[in-house]
Number of protein chains: 2
Amino acid sequence: MLNKVVIFGVGLIGGSFARALKQAGVVKHIVGVDRSQAFLSRALELGIIDSAAQPGKPGADPRVRPQSATAAVHGSDPWVRPGFTGFEEAIAGADLILLAAPVAQTARILQSILPHLDATTIVTDAGSTKTDVVAAARAVMGERVRQFIPGHPIAGRETNGPDAAIVDLYKGKKTVLTPLAENDPAAVDRVAAAWKACGAIIHTLTPEDHDKVFAAVSHLPHLLAYALVDDIERKPHSDLLFQYAASGFRDFTRIAGSSPEMWRDISLANQAALLTELDAYLAQLTRLRASLAAGDAAALEATYANAQRARRQWIETIEAAEPPLPKDAAAE
Amino acid sequence: MLNKVVIFGVGLIGGSFARALKQAGVVKHIVGVDRSQAFLSRALELGIIDSAAQPGKPGADPRVRPQSATAAVHGSDPWVRPGFTGFEEAIAGADLILLAAPVAQTARILQSILPHLDATTIVTDAGSTKTDVVAAARAVMGERVRQFIPGHPIAGRETNGPDAAIVDLYKGKKTVLTPLAENDPAAVDRVAAAWKACGAIIHTLTPEDHDKVFAAVSHLPHLLAYALVDDIERKPHSDLLFQYAASGFRDFTRIAGSSPEMWRDISLANQAALLTELDAYLAQLTRLRASLAAGDAAALEATYANAQRARRQWIETIEAAEPPLPKDAAAE
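Rules used in this analysis
Residues numbered from 1 in each chain as written. Chains lettered and ligands numbered in written order. Predicted model: local features only at pLDDT ≥ 70, side-chain atom pairs only at ≥ 80, totals over all residues. Heavy atoms only, no water. Helix = DSSP H or I, 4+ residues; strand = E, 2+ residues; numbered from the N terminus. Buried < 20%, exposed > 50% of the residue type's maximum accessible area, 1.4 Å probe, protein only. Contact = heavy atoms within 4.5 Å. Areas by Shrake-Rupley, 256 points an atom, 1.4 Å probe, with all protein chains shown as cover. Salt bridge = Lys/Arg side-chain N within 4 Å of Asp/Glu carboxyl O. Pairing = 2+ DSSP bridges. Right-handed = clockwise from strand over helix to strand, strands pointing away. Axes fitted to C-alpha atoms, helices over the stretch in contact; angles between N-to-C directions. Least-squares fit on C-alpha atoms with pLDDT ≥ 70 in both. Expected span 1.5 Å × (residues − 1). Parallel < 35°, antiparallel > 145°, perpendicular 65-115°, else oblique. Left-handed = near helix turned anticlockwise from the far one by under 90°. Phe/Tyr/Trp six-rings, centres within 6.5 Å; stacked < 30°, edge-to-face > 60°. Buried area = accessible area lost by both parts, 1.4 Å probe. Polar contact = N/O pair within 3.5 Å; in protein donor to acceptor, adjacent residues only side chain to side chain.

Caption draft 1: Examining the overall build of chain A more closely. Assigned secondary structure in chain A consists of 13 helices and 9 strands. Taken over 332 residues, chain A has a buried fraction of 56%. Across chain A, contacts joining residues at least 24 apart in sequence account for 75% of those joining residues at least 6 apart. When the accessible surface of chain A is totalled, it reaches about 12700 Å², and 54% of it is carbon and sulfur.

Encoded structure:
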């Protein structure tokens, strides 16, 4: 049982984690921390979190809060709203802290919590890249990085905010943990147990392997989809082209509907691995171009047939092991 | 009303055309022609076609057929099976002939029908490329190319064969006609009317514009998807990579599940336009690579954001005008 869980970011990822932990009955109290007061109020309203705090902001004196509840509802001071506590109070005594805010905020959040962090609190994250997160954690936390266990739930949708949070987002999906040499194995087990309570299947990779794998199967496809739509949009006859784009184009480019800011950050955070994959793909396209220019039917068919066979096998052996992916799932 | 329609290829495309014409009540008799006797028998059984013939094969004496029906069912001679007629008999007196066989067979089919073709019969096709089809038609038909009106219904699924044929495949979808200078406008109208009876919306392009447009929005994405899956499959750690591929990868690569033979033929048939699009895309990727290598966050975000915006607009203004595309639609 977790007495107190703190979640930075009460949107799709953090909110779904909260909902799943509550449904599993493994948590007594969840504190949401978010820069958006509207998100926090909505998350309180939806019962996703039990109390709320804003980053670095002091709370009202908890002894005063109950008396000022009426004033708070009608008044102008958000810090005495019912359900809102001070930031320091929010962090103290937590069993587990999940960072589910944009990855670029990781260092700043870790800096803000470090002064208030109990020695027994475990910190984990849900970022799409891991080597940059680990580097940030080491730089900010020093030897206390032993309390930080990096993670990445492989689940998402194109929606966001507390209203997007669903109880079964992680059910049957993978969560990759990339533990550090400094981590206590018992602490890693506790993070794994929390994700398992959400229905996730735990996988373990090194941060470096994690980033190489996702550069190939997620980050590169996003870049390629964005590149194609942008390329078509910039052509003089783009209106004509879009008019005849059909279902193949729609699915190929679905991930180009994802947040540009988020994918800019992921691309840069995983720059080295992404460049490696992009270069391999450019070499592959250059080979295919030569086959096409030479009218080499056998070479084209060999590539197409190998891809069709490999994809079929993937669908049958890998994807079939998991429940069907939601149609609008995107932000892995 | 069409008295007699002949359809070469009684699979998804040809079979769905037959079903839709029948449902609309605009045809009296449909003859199916296919190299596969099993497909023809199944199409007869399903009521997709009213009679069947195999390319170039003579039929039994029609006066004898009724008497030999019992023997035909049990016997070994397929040419006296009920419902099967001779090839010459099949073609003679047709109002409309649709070629829905693989594009590479176009010249051979046109050669086979030419000696039996009435002067008033209109021939059309459903091929994914048009300049190569027009060149083949001109070469084979000479001045009788005036009877050939090239077309391309923008609809498909990943399934095939007579059992895949559905009555509403073309409902609300575009059919592009690419008429020739030699065509009689009245004949073009008759082909358009047949497709409209199937529920399709008629668009007109030149064969050259057609091929440029589909190189960009369909043929290039297919090549890119095949290239990515093949690239990943050939890496030493491909098993690890496929293990973590998720829904973004699944949708991006869905079109790599299409027929390698069909897409080899399309790639080569539309070689020039596809090379142009591939070169533009390679230049785009090279630019993006430079932005990524330089850590140019603004340049990456500009490309990603433009793509996201353009795709959203496409979904809202273009795709919204049509009924939802089937999830497994692929072979455009």
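Caption draft 2: Structural context of the pattern of salt bridges. Enumeration over the complete set of coordinates arrives at 28 salt bridges over all chains. Notably, a salt bridge pairs Asp265 of chain A with Arg264 of chain A, separated by 3.0 Å at the nearest N-O pair. The class for Arg264 of chain A is buried, based on a relative accessible area of 18%. In this structure, Lys235 of chain B engages Asp231 of chain B in a salt bridge whose closest nitrogen and oxygen atoms are separated by 3.9 Å. For Lys235 of chain B, a relative accessible area of 13% corresponds to the buried category. Accessibility expressed as a relative area gives 8% for Asp231 of chain B, which makes it buried. Taken together, the salt bridges that share partners define one network made up of Arg42, Glu45 and Asp163 of chain A.

Caption draft 3: A look at the pairing of strand E4 (residues 96-99) of chain A. All names here are of chain A. What you see with E4 is no split at all: Leu96 and Leu98 on one side and Ile97 and Leu99 on the other are buried throughout. Note that strand E1 (residues 2-8) and E4 share 4 bridges and pair parallel. The residue of E4 that forms the bridge with Val5 is Leu96. Sheet topology note: the E4/strand E5 (residues 122-125) ladder contains 4 bridges and is parallel. Looking at E5, one finds that Leu96 is bridged to Ile122. You can see the chain leave E4, run along helix H5 (residues 106-113) and come back into E5, and the turn it takes is right-handed.

Caption draft 4: Spatial organisation of the sheet that holds strand E7 (residues 151-153) of chain A. All names here are of chain A. Read from one edge of the open sheet, 3 strands run E7-E8-E9, paired in mixed fashion. The outermost strands of the open sheet, each flanked by one partner alone, are E7 and strand E9 (201-204). Averaged over neighbouring strand pairs, the angle between their axes works out to 20 degrees when direction is ignored. Where strand E8 (residues 174-177) meets E9, 4 bridges bridge the pair, whose relative direction is parallel. Within E9, the position partnered with Lys174 by the bridge is Ile201.

Caption draft 5: Structural context of the relation of the copies chain B and chain A. Aligned on chain A, chain B shows an RMSD of 0.1 Å; the corresponding rotation is 180 degrees and the shift along the axis is 0.0 Å. The symmetry that links the two subunits is that of a two-fold axis. For chain B, the residue whose C-alpha comes nearest the rotation axis is Phe252 of chain B, separated from it by 2.0 Å. In this assembly the copies share their binding face: 100% of the residues contributing to the interface of chain B also contribute to that of chain A.

Caption draft 6: Examining helix H7 (residues 185-197) of chain A more closely. Under the 1.5 Å per step criterion, the end-to-end length of H7 of chain A is 18 Å for 13 residues, consistent within 8% with the ideal 18 Å. Gly199 of chain A, located one to two residues past H7 of chain A, shows a positive phi value of around 95 degrees.

Caption draft 7: Quick look at the packing of helix H11 (residues 260-269) of chain A against helix H13 (residues 297-318) of chain B. Between H11 of chain A and H13 of chain B, the least distance of the axes is 9 Å, while the angle of their chain directions is 140 degrees. By the angle class used here, H11 of chain A and H13 of chain B are oblique. Regarding H11 of chain A and H13 of chain B, the two cross each other, and that crossing is right-handed. Along its contact with H11 of chain A, which presents Pro260, Glu261, Trp263, Arg264, Ser267 and Leu268 of chain A, the element H13 of chain B presents Ala297, Leu300, Glu301, Tyr304, Ala305 and Gln308 of chain B.

Caption draft 8: Inspection of the pairing of E1 of chain A at higher detail. Where burial is concerned, most of E1 of chain A is hidden: 6 out of the 7 residues are buried. A crossover links E1 of chain A with its parallel partner strand E2 (residues 27-33) of chain A, the connecting element being helix H1 (residues 12-24) of chain A, and its sense is right-handed.

Caption draft 9: Quick look at the packing of aromatic side chains. All names here are of chain A. Per the stated rule, a full pass over the model turns up 15 aromatic pairs over all chains. Both rings, one in Phe242 and one in Phe249, keep their centres 6.1 Å apart while their planes meet at 75 degrees; by these two values the pair is edge-to-face. Overall, the relative accessible area of 8% leaves Phe242 in the buried class. Taking the relative accessible area as the measure of exposure, Phe249 reaches 1% and is therefore buried. Of the aromatic side chains, those joined through ring pairs into one cluster are Phe17, Tyr170 and Trp195.

Caption draft 10: Examining the interface of chain B and chain A more closely. At the interface, 92 residues of chain B touch 93 residues of chain A. In total, about 8700 Å² of surface goes out of reach between chain B and chain A, with carbon and sulfur atoms giving 66% of it. Here chain B is connected to chain A by 10 salt bridges. Measuring nitrogen to oxygen at the nearest pair gives 2.4 Å for the salt bridge that ties Glu301 of chain A to Arg264 of chain B. For the pair chain B and chain A, the number of links is 42 residue pairs in polar contact (both at pLDDT 80 or more). Sorting the residues of the side of chain B that touches chain A by element identifies strand E8 (174-177), helix H8 (207-233), helix H9 (238-244), helix H10 (247-252), helix H11 (260-269), helix H12 (271-293) and H13 of chain B as the ones contributing at least two each. No other element matches H8 of chain B, which puts 18 residues into the side of chain B that touches chain A.

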